[in-house]
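# Working through the structure, step by step
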Amino acid sequence: MGEEKVKVVDATGSFCPGPLMELIARLKEAAVGDVLELLSSDKGSAADVPEWVNKVGHEMLGSAEKDGVWHIRVRKVK
Amino acid sequence: MKILIIGGGMGGTILANNLARRLHEELHSGKARITMLSASERHMYQPGLLYVAVGRMMPDELYRDQRRLLEPGIEFHVDPVAEFNLDQNEVRTEGGKTYAYDVLVIATGSRIFPDAIPGLAENAEFFYTEESAVHMFKRLQEFQGGRVVIAVGVPHKCPMAPLEITFMLHDYFKDRGILDKTQIHYTYPIGRTHSLENVAKWATPEFDRLGISYETLFNMKEVDGKGKVVRSEEGTEAPYDLLISIPAHKGMEVIEKNGLGQSGWIPTDRHRLNMEGRDNVFVLGDTTNLPISKAGSTAHFEADALAENLAALVKIGAPVRDYDGKVFCFIEAGKDRATYAMFTYQNPPSPKPPTKAVHWFKMAYNKLYWASARGLL
Ligand SMILES: Cc1cc2nc3c(=O)[nH]c(=O)nc-3n(C[C@H](O)[C@H](O)[C@H](O)COP(=O)(O)OP(=O)(O)OC[C@H]3O[C@@H](n4cnc5c(N)ncnc54)[C@H](O)[C@@H]3O)c2cc1C
């Protein structure tokens, strides 16, 4: 899995539109199967990104915090 | 040094004027030269469209002659760029001319792209262009009550517009005496009523107080014009009698066609504002890919930082400051009250309760904008 090419979406320091909106916009541009890694400095992202991803039906691949930045990996499924 | 600015909107105009003041001597002596290429001889104050949509401003109030907004010494041509040849440091225009540069600034803005959602363009009212805002007002006038749905695409410029149009519609229907026959239903792409948490904390109880219903985690998938219903990616439906939408945006087609950035968003360094991988190409305003609000104030503060840096480049050969992510947005909370939000990459906003004074300040700013575009504010 670590071999996949991952598109990084750097939304650190984004209060408006904020990390989830950035992810929604970038996912629209991505191809089915692409993996996006969202970087967020908002701890709320750890909960609200998976909530949306699961509701819409994309795939959550993992979420980890490193030095105050959350790295959230999502695969576009449809 | 030849500085070439593409786009005569908010970002390009404020940059050009600010720079011309800083480089007064250098422009005179020929050490520096500023050229602007744009797609229109008129400059539109886009925030005014919100008021046009509810019949409180006339479209002709939104325009000024672009040439007259510019400081003397700035060369201006209405000749849109068709090709960016960044390796050759030149652009080619639709008129067939080639312009060479030492420093290029791209500020071509963004546009609504309703075609991404099936059925949206045919069935919704918009207010992000002059024509659509006038059309929307006429539809509002004919409207005699029913269910009004507000649907929002991502990304969009002016992050406050979804809330503002909702509150303004509420007051419009109230003034018309049809509020009791009208249900306003607000939808929003993420899990709260606004991307700014503190703004959402204020807006949600306002919606409750005013009887405006809302649905969060709602991303438009398609509009069924016959069945009069908007369906969301999340699997829900919003039936409507009148659909008002802020569709998802793209950057200009010329940006994407020239391979400068997917969907017309140019990868941009968040502090220096140079295009990633290019030292002499800078990007301003809506067309950056930065994760901050696509707003006139963003373009303005970016232009301030960039003007200082480009002037320093001419004078001492090095930039002097970083853009800190500053954004300032007014938020109209109805027809006579407003508040505002200010934030940077580091500091979140904390908006205050709306007041009449802030609303009147915004009304004054609608006029003061022209001083700001001239670089006087
Ligand atoms: C309804 C509405 C309400 C808004 N309200 C607010 C608000 O309250 N506060 C706020 O801060 N912002 C608001 N905005 C957003 C604000 O208007 C934009 O974010 C701002 O204009 C962006 O500036 P810009 O310089 O990036 O692009 P623009 O101002 O759009 O300028 C782009 C320029 O590029 C030119 N151009 C396009 N293509 C080419 C080409 N190929 N070659 C050369 N030139 C080209 C165009 O002619 C234009 O002059 C609102 C916008 C709308 C539509």
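## Quick word on the overall build of chain A
Scanning chain A from terminus to terminus reveals two helices and four strands. Shown N-terminal to C-terminal, the secondary structure of chain A runs as helices and strands in the order β-α-β-α-β-β. Whereas a compact globule of 78 residues would reach a radius of gyration of roughly 12 Å, chain A reaches 11 Å, a difference of no more than 12%. When the 78 residues of chain A are sorted by exposure, 50% land in the buried category. In chain A, 62% of the contacts between residues at least 6 apart in sequence involve partners at least 24 apart. When the accessible area of chain A is evaluated, it comes to approximately 3,700 Å², of which 53% is carbon and sulfur surface. Taken together, the 11 basic and 13 acidic charged side chains of chain A have centroids lying 5 Å from each other.

## Notes on the domain arrangement of chain B
Put simply, an interface is often sized by how much accessible area is lost when its parts join up. Residue and element names in this part refer to chain B. In terms of domains, chain B is made up of domain 1 (2–109 + 252–325) and domain 2 (113–249). Just the C-alpha atoms count here: the centres of domain 1 and domain 2 sit 32 Å apart. When the two sides are added together, the surface that domain 1 and domain 2 hide from each other amounts to roughly 1,400 Å², 72% of it contributed by carbon and sulfur. On the domain 1 side of the contact with domain 2, Leu-50, Ala-53 and Val-54 bury the most area, a combined 38% of that side's loss. The interface formed by domain 1 and domain 2 includes zero salt bridges. Those elements giving two or more residues to the side of domain 1 that touches domain 2 turn out to be β3 (42–44) and α3 (49–52). A class-by-class count of the residues in the side of domain 1 that touches domain 2 yields 11 nonpolar, three polar and four charged.

## What to know about the site of the ligand
Residue and element names in this part refer to chain B. Looking at the ligand, there are 31 residues lining it, with Gly-11, Gln-46, Val-81, Asp-286 and Gly-296 nearest. A distance of 2.9 Å is found between an oxygen atom of the ligand and a backbone nitrogen or oxygen belonging to Gly-296. One of the side-chain N or O atoms of Lys-362 is found 3.0 Å from an oxygen atom in the ligand. Burial of the ligand by the protein chains amounts to 91% of its free accessible area of 1,000 Å². Those elements giving two or more residues to the shell around the ligand turn out to be α1 (10–22), β2 (33–38) and α10 (296–316).

## Details of the pattern of salt bridges
Scanning the entire structure with this criterion turns up 22 salt bridges over all chains. With a shortest N-O distance of 3.0 Å, A:Lys7 and A:Asp34 are connected by a salt bridge. Of this pair, A:Lys7 sits in strand β1 (residues 6–10) while A:Asp34 sits in the loop between α1 (19–29) and β2 (35–40), and the two are 27 residues apart along the sequence. Taking relative accessible area as the criterion, A:Lys7 reaches 38% and is therefore assigned partly exposed. A salt bridge links A:Arg26 to A:Glu22; its shortest N-O distance comes to 3.6 Å. With A:Arg26 and A:Glu22 both in helix α1, this residue pair falls four residues apart, about one helical turn. You'll find A:Arg26 and A:Glu22 in the same group, each marked buried. Taken together, the shared-partner salt bridges in this structure form one network comprising B:Glu222, B:Asp224, B:Arg231 and B:Glu237.

## Regarding α1(A)
Residue and element names in this part refer to chain A. Among the 11 residues in α1, nine count as buried, and that is most of the element. For α1, the full list of buried residues reads Pro-19, Leu-20, Met-21, Glu-22, Leu-23, Ile-24, Ala-25, Arg-26 and Leu-27. Residues of α1 that are buried in the fold lie against β1, β2, α2 (45–56) and β4 (69–75).

## As for the side chain of B:Thr288
All names here are of chain B. Among the secondary structure elements, Thr-288 is positioned in the loop between β19 (281–283) and α10. Note on Thr-288: relative accessible area 2%, which makes it buried. A distance of 3.2 Å separates the side chain of Thr-288 from the backbone nitrogen of Leu-290, its partner in a polar contact. Residues contacting Thr-288, with those up to four places away along its chain left out, are Trp-265, Ile-266, Thr-268, Val-283, Lys-294 and Glu-302.

## A look at the packing of α1(B) against α10(B)
All names here are of chain B. Two elements in contact, α1 and α10, have axes whose closest approach is 8 Å; the angle formed by their N-to-C orientations is 35°. Between α1 and α10 lies a crossing whose hand is right-handed. Between α1 and α10, the residues in contact are Met-10, Gly-11, Ile-14, Leu-15, Asn-18, Leu-19 and Arg-22 and Gly-296, Ala-299, His-300, Ala-303, Asp-304, Leu-306, Ala-307, Glu-308, Leu-310, Ala-311 and Lys-315, respectively. A per-class count over the contact of α1 with α10 returns 10 nonpolar, four polar and four charged.

The rules behind each value
- Residues numbered from 1 in each chain as written.
- Chains lettered and ligands numbered in written order.
- Predicted model: local features only at pLDDT ≥ 70, side-chain atom pairs only at ≥ 80, totals over all residues.
- Heavy atoms only, no water.
- Helix = DSSP H or I, 4+ residues; strand = E, 2+ residues; numbered from the N terminus.
- Rg over C-alpha atoms; globule rule 2.2 N^0.38 Å.
- Buried < 20%, exposed > 50% of the residue type's maximum accessible area, 1.4 Å probe, protein only.
- Contact = heavy atoms within 4.5 Å.
- Areas by Shrake-Rupley, 256 points an atom, 1.4 Å probe, with all protein chains shown as cover.
- Lys, Arg positive; Asp, Glu negative; His and termini not counted.
- Charge placed at Lys NZ, Arg CZ, Asp CG, Glu CD.
- Domains from an automatic or database assignment.
- Buried area = accessible area lost by both parts, 1.4 Å probe.
- Salt bridge = Lys/Arg side-chain N within 4 Å of Asp/Glu carboxyl O.
- Nonpolar A, V, L, I, M, F, W, Y, C, P; charged D, E, K, R; others polar.
- Near = heavy atom within 4 Å.
- Polar contact = N/O pair within 3.5 Å; in protein donor to acceptor, adjacent residues only side chain to side chain.
- Axes fitted to C-alpha atoms, helices over the stretch in contact; angles between N-to-C directions.
- Left-handed = near helix turned anticlockwise from the far one by under 90°.

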